[in-house]
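Letter by letter, the chains look like this.
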Amino acid sequence: MEQREAQPSGPAIHVANEFADVLVQKVMTRNGERLEIRSPKRGLRVRLDAVELESLTWQTPATFSGFLEGSIGPAEGRG
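Parameters at a glance
- Residues numbered from 1 in each chain as written.
- Predicted model: local features only at pLDDT ≥ 70, side-chain atom pairs only at ≥ 80, totals over all residues.
- Heavy atoms only, no water.
- Helix = DSSP H or I, 4+ residues; strand = E, 2+ residues; numbered from the N terminus.
- Buried < 20%, exposed > 50% of the residue type's maximum accessible area, 1.4 Å probe, protein only.
- Contact = heavy atoms within 4.5 Å.
- Areas by Shrake-Rupley, 256 points an atom, 1.4 Å probe, with all protein chains shown as cover.
- Pairing = 2+ DSSP bridges.
- Salt bridge = Lys/Arg side-chain N within 4 Å of Asp/Glu carboxyl O.
- Phe/Tyr/Trp six-rings, centres within 6.5 Å; stacked < 30°, edge-to-face > 60°.

S.K.: Give a description of the overall build of the protein that names residues and reports values.
M.R.: Each helix and strand in the protein was counted, giving two helices and five strands. Ordered by position in the sequence, the α and β elements of the protein form the string β-β-β-β-β-α-α. Relative to its 79 residues, the protein shows a buried fraction of 16%. Contacts in the protein between residues far apart in sequence, at least 24 positions, make up 22% of those at least 6 positions apart. For the protein, the exposed area adds up to about 6,300 Å²; of that, 57% sits on carbon and sulfur atoms.

S.K.: Explain the pairing of strand β4 (residues 32-39) to me, and be specific about the residues and the numbers.
M.R.: As defined by bridge partners, strand β3 (residues 21-29) adjoins β4 across seven bridges and the pair is classed as antiparallel. Following the sheet pairing, Thr29 is matched in β4 by Gly32. Counted between consecutive antiparallel strands, the loop separating β3 from β4 contains two residues.

S.K.: With reference to specific residues and values, describe the pattern of salt bridges.
M.R.: Where side chains of opposite charge bring their charged atoms close, a pairing between them can arise. Evaluated as defined, the whole model comprises four salt bridges. Here the salt bridges do not stand alone but share partners, grouping Glu36, Arg38, Arg45 and Arg47 into one network.

S.K.: Which residues make up the packing of aromatic side chains, and what values do they have?
M.R.: Overall, the coordinates contain one aromatic pair when judged by the stated rule. With centroids separated by 5.5 Å and ring planes inclined at 90°, the aromatic side chains of Phe64 and Phe67 adopt a geometry described as edge-to-face. A residue pair is termed a helical-turn pair when its members lie 3 or 4 positions apart in one helix, as Phe64 and Phe67 do in helix α2 (residues 61-68) at three residues. Residue classification places Phe64 among the partly exposed positions, given a relative accessible area of 33%.

Shown next as structure tokens:
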């Protein structure tokens, strides 16, 4: 996953509710287009390419429920 400097390709979209607050923005990296998802409160971000984004559509609701089991952030030693 490319984590170096990226150039924004349009405005960020803010999505929030009572549990989460994220900014989503398309960015250009040395390796092509990515969708950057940032959590300002946690100081975390991830950049996903088209294949990684498409793979989200292959998942079941149970997969996303599993993500939320550790909803306080990444586990120790992972990043």
